[in-house]
Amino acid sequence: MKYVVAFAKKRGVNLTFYQKLERKFGRYAVPDLMKYICVIYVVGYLIQAINPMFYFYYLDLDPEAILHGHIWRIFTFIFYPPSRSLIWMIIAVFVYYSLGQTLERQWGTFAYNFFYFMGVLMLILAAIVVYLVTGYSLQLYPTFMSFSIFLAYALTFPEATFLFYFIIPIKAKYLAIFELVLYLVYFVQAIAMGDISNATAIILAILNVALFFYLTTRRAKPRNIYNMKDFR
């Protein structure tokens, strides 16, 4: 992508918002990001195995606590593990690491960083804004944000084949449809039960995927040569 940005600049093309971000912050992107995220998942699992309430008391995304000085929570809330079952935790770490590494190789380091941290930022902003406006603390966890990694993978590699339950071969695009339907079911259930936190997390996970592909697939537009500022 950096070569695209350099070429666009040289040929007098207006960069898109995403290209401007990559040009300015690309050098700060973390290589092999999913490796560190998986380590965080493992640490979070161990924390919950040793003291299940420690995460909820000191690490979760509590906007009231954040605004009263617990700044570390905007980072530590991602320590929430994908599963509390040891077997499914191992499987989840292996799958997420594989998907994340593949997406980073395909998209580039900055793009994958942008995708992941945009999801994190959405959760943080949603929690803080809702609290400031309503005084209500949403309990937002990164579970659905982690699930959205597979959705992004399926959109990037729709023809890839997975073994459903390790037996049934099925293409990623069909699993993505199944995942979206499952999201919808969870969303309806959350609304019916008055669980605004999970309903919000689901919407943000899908929005993150949609916004990422929208921003990264937009094409740069040629500059207007009749604009006097560009002419000068």
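About the criteria used
- Residues numbered from 1 in each chain as written.
- Predicted model: local features only at pLDDT ≥ 70, side-chain atom pairs only at ≥ 80, totals over all residues.
- Heavy atoms only, no water.
- Helix = DSSP H or I, 4+ residues; strand = E, 2+ residues; numbered from the N terminus.
- Buried < 20%, exposed > 50% of the residue type's maximum accessible area, 1.4 Å probe, protein only.
- Contact = heavy atoms within 4.5 Å.
- Areas by Shrake-Rupley, 256 points an atom, 1.4 Å probe, with all protein chains shown as cover.
- Polar contact = N/O pair within 3.5 Å; in protein donor to acceptor, adjacent residues only side chain to side chain.
- 1 Å grid on protein atoms, 1.4 Å probe; cavity = no way out; pocket = protein on both sides within 12 Å on 5 of 7 lines; lining within 4 Å.
- Points joined across faces, edges and corners; volume = space filled by probe spheres on them.
- Nonpolar A, V, L, I, M, F, W, Y, C, P; charged D, E, K, R; others polar.
- Phe/Tyr/Trp six-rings, centres within 6.5 Å; stacked < 30°, edge-to-face > 60°.
- Expected span 1.5 Å × (residues − 1).
- Axes fitted to C-alpha atoms, helices over the stretch in contact; angles between N-to-C directions.
- Parallel < 35°, antiparallel > 145°, perpendicular 65-115°, else oblique.
- Left-handed = near helix turned anticlockwise from the far one by under 90°.
- Salt bridge = Lys/Arg side-chain N within 4 Å of Asp/Glu carboxyl O.

Considerations on the overall build of the chain
Okay, step 1: Assigned secondary structure in the chain consists of twelve helices and four strands.
Okay, step 2: Residues classed as buried in the chain amount to 42% of the 232 residues present.
Okay, step 3: Expressed as a percentage of contacts within the chain between residues at least 6 apart in sequence, the contacts between residues at least 24 apart total 67%.
Okay, step 4: Of the roughly 14000 Å² that the chain leaves accessible, carbon and sulfur atoms contribute 69%.

Section: the side chain of D60
Okay, step 1: Assignment of secondary structure puts D60 in the loop between α4 (54–59) and α5 (63–67).
Okay, step 2: Separated by 2.6 Å, the side chains of D60 and R73 make a polar contact.
Okay, step 3: When sequence neighbours within four positions are dropped, the list of residues in contact with D60 reads Y55, R73, F77, Q139 and Y141.

Some words on the layout of surface pockets
Okay, step 1: Computed from the structure, the second largest pocket encloses a volume of approximately 320 Å³.
Okay, step 2: Considering the residues around the second largest pocket, the lining is formed by F17, L21, F25, Y28, A29, F110, N113, F114, F117, M118, L121 and L215.
Okay, step 3: Mapped onto the lining of the second largest pocket, the elements with two or more residues apiece are α2 (17–25) and α8 (109–134).
Okay, step 4: Per element, the largest residue contribution to the lining of the second largest pocket is six residues, and it comes from α8.

Focus: empty space enclosed by the protein
Okay, step 1: A complete count under the given rule lists two cavities of 30 Å³ or more for this structure.
Okay, step 2: When its volume is computed, the largest cavity comes out at roughly 50 Å³.
Okay, step 3: Taken together, G119, M122, L123, Y141, F144, M145, A201, L204, A205 and N208 form the lining of the largest cavity.
Okay, step 4: Secondary-structure elements contributing two or more residues to the lining of the largest cavity are α8, α9 (143–156) and α11 (196–217).
Okay, step 5: In terms of residue count, α11 provides more of the lining of the largest cavity than any other element does, four residues in total.
Okay, step 6: Considering only residue class, the lining of the largest cavity consists of eight nonpolar, two polar and no charged.

A closer look at the packing of aromatic side chains
Okay, step 1: The tally for this structure, following the rule as stated, stands at 24 aromatic pairs.
Okay, step 2: Between W107 and F212, the ring centres sit 4.4 Å apart and the planes meet at 35 degrees, which makes this aromatic pair tilted. Residue W107 is located in helix α7 (residues 86–107), and its partner F212 is located in helix α11; the two are separated by 105 residues in the primary sequence. The same class applies to W107 as to F212, namely buried.
Okay, step 3: Ring pairing ties together the aromatic residues Y18, W107, F110, Y112, F114, F115, F212 and F213, which thus form one cluster.

As for α8
Okay, step 1: For α8, spanning 26 residues, the distance from its first C-alpha to its last is 38 Å, which sits close to the expected 38 Å at 1.5 Å a residue.
Okay, step 2: With its phi angle positive at about 80 degrees, G135 sits one or two positions after the end of α8.

Description of the environment of Y112
Okay, step 1: With respect to the secondary-structure elements, Y112 resides in helix α8.
Okay, step 2: The class for Y112 is buried, based on a relative accessible area of 0%.
Okay, step 3: Leave out the neighbours within four places in its chain, and Y112 touches L33, M34, G100, L103, E104, W107 and I149.

A word on the packing of α2 against α8
Okay, step 1: Interaxial distance between α2 and α8 falls to 11 Å at its minimum, and their mutual angle equals 110 degrees. Taken together, the axes of α2 and α8 are roughly perpendicular relative to one another. Of the two possible hands of crossing, α2 and α8 adopt the one that is right-handed. On the side of α2, the interface is formed by Y18, L21, E22 and F25, while α8 contributes F110, A111 and F114.

Here's the deal with the pattern of salt bridges
Okay, step 1: Using the criterion set out here, one finds three salt bridges in the structure.
Okay, step 2: E159 is the partner of K171 in a salt bridge, and the nearest nitrogen-oxygen pair spans 2.8 Å. On the criterion of sequence distance, the pair formed by K171 in strand β3 (residues 168–171) and E159 in the loop between α9 and β2 (161–164) is long-range, its members being twelve residues apart.
Okay, step 3: Relative accessible area serves as the criterion here: at 34%, K171 is assigned to the partly exposed category.

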